[in-house]
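# Overview (structure and organization)
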Amino acid sequence: MQSLPGESAVELGVDQDLSRHHVAVLTVAAMVLNVAFGPVFGLVAIVLIALAVLLVRRSLVDAATFGVLAASGWVASEFFKLLVRRDRPNPGMLFDPLAPETGSDSLPSGHVSFAITLAFALYSLARGTRWARTVAALGVALALVVAWSRVYIGVHYPSDVAASFLAAGAVLMLLTGLWNRFAGRMFQLLRINTATPQQLS
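Analysis parameters
Residues numbered from 1 in each chain as written. Predicted model: local features only at pLDDT ≥ 70, side-chain atom pairs only at ≥ 80, totals over all residues. Heavy atoms only, no water. Phe/Tyr/Trp six-rings, centres within 6.5 Å; stacked < 30°, edge-to-face > 60°. Buried < 20%, exposed > 50% of the residue type's maximum accessible area, 1.4 Å probe, protein only. Salt bridge = Lys/Arg side-chain N within 4 Å of Asp/Glu carboxyl O. Helix = DSSP H or I, 4+ residues; strand = E, 2+ residues; numbered from the N terminus. Axes fitted to C-alpha atoms, helices over the stretch in contact; angles between N-to-C directions. Parallel < 35°, antiparallel > 145°, perpendicular 65-115°, else oblique. Contact = heavy atoms within 4.5 Å. Nonpolar A, V, L, I, M, F, W, Y, C, P; charged D, E, K, R; others polar. Left-handed = near helix turned anticlockwise from the far one by under 90°.

### A word on the packing of aromatic side chains
Each aromatic ring pair is characterised by the separation of its centres together with the angle its planes make. Inspection of every chain in the model, using the stated rule, returns four aromatic pairs. Taking the centre distance of 5.3 Å and the plane angle of 80° together, the rings of F79 and F80 count as edge-to-face. When its relative accessible area of 47% is taken as the criterion, F79 is described as partly exposed.

Put into structure tokens, the structure is as follows:
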């Protein structure tokens, strides 16, 4: 058996237990999320939503802000993966590996980080409307479901997906802080004809 640190061995047990109890409908849902929140489909989703925002609101600022916020999850996850370099769960030690992956890019999960920042970006668009609470609730639920799916599939440890909330939260705090402090001044310098930019948080 592969030698693992104590905490990883315990967490591998969680992955192994889920792997022994896969259910068809849950497996389909997890695999759909695996594709939908991957880089290719995720990028397409960001571009399409940003274009929709540009066409409907006729606001380049809103469209660009949405795109930056949504994509920031991937940037954060890649940064921390380079720092931590934690190996993924060994698919050979799982009863039913659904999407075998190897490598030292387990912590944090890019899928979960993207789900969190996408949810926040959508909420930033809905804020101030009657849909704000609904979007916020659905965003939280979505992030949790994607987090579950990554462990269910067996490509991450539970602490990997937990760390994704910290990584995504950190980059969102950084971006909102920069926006709230410098956006108004930047618009004045660029002479962008728009109202005072709305605070993100």
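### Re the pattern of salt bridges
Two side chains of opposite charge can pair, provided their charged atoms sit close to one another. Within the structure shown, the criterion is met by seven salt bridges. The salt bridge involving K81 is made with E78; its shortest N-O contact spans 3.9 Å. Taken together, the residues span about one helical turn, with K81 and E78 both in helix α4 (residues 60-84) at a distance of three residues. Judged by its relative accessible area of 9%, K81 is buried. On the accessibility criterion, E78 (44% relative accessible area) is partly exposed. For the salt bridge of R86 with D160, the shortest nitrogen-to-oxygen distance reads 2.7 Å. Of this pair, R86 sits in the loop between α4 and α5 (110-126) while D160 sits in helix α7 (residues 158-190), and the two are 74 residues apart along the sequence. Residues R86 and D160 agree in their burial class; the two are buried. When salt bridges that share partners are traced, they join R88, E101, D105 and R150 into one network.

### Brief notes about the packing of helix α2 (residues 24-36) against helix α6 (residues 132-153)
Two packed helices can be described by the angle between their axes and the distance between those axes. Look at α2 against α6: their axes get within 9 Å of each other, and the N-to-C directions meet at 110°. Judged by the angle between their axes, α2 and α6 are roughly perpendicular. Of the residues in α6, those touching α2 at L26, T27, A30, M31, L33 and N34 are V145, V146, W148, S149, R150, Y152 and I153. Of the residues in the contact of α2 with α6, the class split is nine nonpolar, three polar and one charged.

### Brief notes about the packing of helix α3 (residues 39-57) against α4
Axis separation between α3 and α4 bottoms out at 8 Å; the angle between their running directions is 165°. Looking at the two axes, α3 sits roughly antiparallel to α4. Handedness of the α3/α4 crossing: right-handed. Taking contact as the criterion, the partners of P39, G42, L43, I46, I49, A50, V53, L54 and R57 in α3 are, on α4, L60, D62, A63, F66, G67, A70, A71 and W74.

Note that all results are geometric; they support no functional claim without further evidence.
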